[in-house]
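An overview of the molecular structure
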Amino acid sequence: MSKFTKDADWLDWHPSPSKPVFKLPAGAVDAHCHVFGPGHQFPFAPERKYTPCDASKDQLWALRDFLGFSRNVIVQATCHGADNRALVDALNASNGLARGVATVKENITDAELEALHQAGVRGVRFNFVKRLVDALPFDSLTRIASRIKELGWHIVIYFEGQDLPELYDFFTSLPTTVVVDHMGRPDVSQPLDAPNFQLFMRLMGENQNFWSKVSCPERLSIDGPSKHYLDVVPFARNVVESFSDRVLWGTDWPHPNMKTHMPDDGQLVEMIPLFAPSTELQRKLLIDNPMRLYWSN
């Protein structure tokens, strides 16, 4: 049995989030969240860059029900590396109400990929945030992409806005549907017409296989929670209104590696109608798009 001590500066998830006034439509999907461990049952990876608190599937289901979501898309956290056991355990316990995005290595077998598919995995995540990885995964992504395409899976990429110019040509060469985490982490202190955000909008506009999560205002905001992360709203609304059939939303619970504060998940839900101001846009963002991407095969 492994025992883990969370990082000294680790912030635990919010113990008592507020009940959102905004009522989620029936069938809404939290399309970006994680499970951590519990570490004694599903050990964290030796090569991890951080050691989190435990955040179990049961605690995730409790948050889902409290906020009013119906389903979850659980994304493999980097603290677990390519050991997807905690993810698969959560998917198997979800009664079909969760799908997954895994992390895999090149030596994964076809049988192992098929087992992940049967558990509910529908995508593979690759991290291009330089502070979170030892090396950028260009070669392995290229080789894995051709294999997962046969399963109808997609690729999820995590990168920071300032790095998009050097990554653009590689990303647009990928053969599958590609989902970008958190709008490519734009610098929201800059105007909407700043070069990096406009390059992201071009990426979305010229490549119909690209989707975006309009998530994590708590990571992007300069103004912070006291001003309700409102500086993120113009960016998210721009993406939602421009690409309404290719956007997703998620809590990012339990909010790994937050250093300044721990967001209130209820407050994050309250931002949805600011990102997607009409009932039609909310339905696409929360139901139609994630169901098409994760539950159609």
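**As for the side chain of D181**
Its place among the elements puts D181 in the loop between β6 (178-180) and α6 (195-206). If we skip the residues at most four places from it in the chain, D181 touches H32, R125, V156, I157, Y158 and K213.

**Thoughts on the environment of N257**
Mapped onto the secondary structure, N257 falls in the loop between β8 (247-248) and α9 (265-270). For N257, a relative accessible area of 23% translates into the label partly exposed. In the structure, N257 is positioned 66 residues away from P191 in sequence and 26 Å away in space, judged by C-alpha atoms.

**Thoughts on the pairing of strand β5 (residues 154-158)**
Burial of β5 is extensive: 5 of the 5 residues sit out of reach of the surface. Burial of β5 is two-sided: the residues H154, V156 and Y158 facing one way and the residues I155 and I157 facing the other way are all buried. Taken together, the 5 bridges between strand β4 (residues 121-127) and β5 define a ladder with parallel strand orientation. Note that in β5 the partner of G123 across the bridge is H154.

**Some details on the sheet that holds β4**
Spatial strand order, β1-β2-β3-β4-β5-β6-β7-β8: 8 strands in an open sheet with parallel pairing. Of all strands in the sheet, those with a lone pairing partner are β1 (29-33) and β8, marking the two edges. Note that β6 and strand β7 (residues 210-213) share 3 bridges and pair parallel. Across the sheet, the residue bridging to V179 is W211, located in β7.

**Some points on the environment of P20**
Along the chain, the position of P20 falls in the segment before β1. The buried category is assigned to P20, whose relative accessible area is 11%. Taking C-alpha positions, P20 is 6.6 Å from Q267, a pair spaced 247 residues apart along the chain. Dropping the residues within four chain positions of it, P20 is found in contact with L67, G266, V269 and E270.

**A few points about the pattern of salt bridges**
Charged atoms that come close allow side chains of opposite charge to pair. Per the counting criterion, the structure on display carries 15 salt bridges. Across the pair K6 and D12 runs a salt bridge, and its minimum N-O distance is 2.9 Å. Given a relative accessible area of 37%, K6 falls into the partly exposed group. The salt bridge involving R185 is made with E160; its shortest N-O contact spans 3.7 Å. With R185 in the loop between β6 and α6 and E160 in the loop between β5 and α5 (164-172), this residue pair connects regions lying 25 residues apart in the sequence. Owing to a relative accessible area of 17%, R185 belongs among the buried residues under this scheme. A single salt-bridge network, built from bridges that share partners, covers R125, D181 and K213.

**Looking at the nonpolar core**
The biggest cluster of nonpolar side chains holds 84 residues, and the ones touching the most others in it are I74, I157, F171, F200, V214 and W249. Here this core takes 6 residues from α6, the largest share from any one element. Counting residues in each nonpolar core, the second largest holds 12 residues, with V101, V156, V179 and W295 among its members.

**Brief notes about the packing of aromatic side chains**
Under the definition given, this model contains 13 aromatic pairs. Note on W13 and W253: the rings are 5.4 Å apart at their centroids and 55 degrees apart in plane angle, and the pair reads as tilted. With W13 in the segment before β1 and W253 in the loop between β8 and α9, this residue pair connects regions lying 240 residues apart in the sequence. Judged by relative accessible area, which is 22%, W13 ranks as partly exposed. You can call W253 buried: its relative accessible area is 1%. When the centroid spacing of 5.1 Å and the interplanar angle of 85 degrees are considered together, the rings of F128 and F171 count as edge-to-face.

**Looking at the pairing of strand β3 (residues 98-102)**
The side chains of a regular strand alternate between the sheet's two faces. Buried residues dominate β3, accounting for 5 of its 5 residues. Side-chain alternation along β3 places A98, G100 and A102 on one buried face and R99 and V101 on a second face that is also buried. Summarising the sheet, strand β2 (residues 71-75) and β3 pair through 4 bridges and their orientation is parallel. By the bridge assignment for β3, N72 is matched with A98. As for the winding sense of the linkage, the β-α-β connection from β2 through helix α2 (residues 85-92) to β3 is right-handed. As paired strands, β3 and β4 are joined by 3 bridges and run parallel to one another. Across the sheet, the residue bridging to A102 is V124, located in β4. Taking the sense of rotation as the criterion, the β-α-β connection linking β3, helix α3 (residues 110-119) and β4 turns out right-handed.

Parameters at a glance
- Residues numbered from 1 in each chain as written.
- Predicted model: local features only at pLDDT ≥ 70, side-chain atom pairs only at ≥ 80, totals over all residues.
- Heavy atoms only, no water.
- Helix = DSSP H or I, 4+ residues; strand = E, 2+ residues; numbered from the N terminus.
- Contact = heavy atoms within 4.5 Å.
- Buried < 20%, exposed > 50% of the residue type's maximum accessible area, 1.4 Å probe, protein only.
- Pairing = 2+ DSSP bridges.
- Salt bridge = Lys/Arg side-chain N within 4 Å of Asp/Glu carboxyl O.
- Core = buried A, V, L, I, M, F, W, Y, C linked by side-chain atoms within 4.5 Å.
- Phe/Tyr/Trp six-rings, centres within 6.5 Å; stacked < 30°, edge-to-face > 60°.
- Right-handed = clockwise from strand over helix to strand, strands pointing away.

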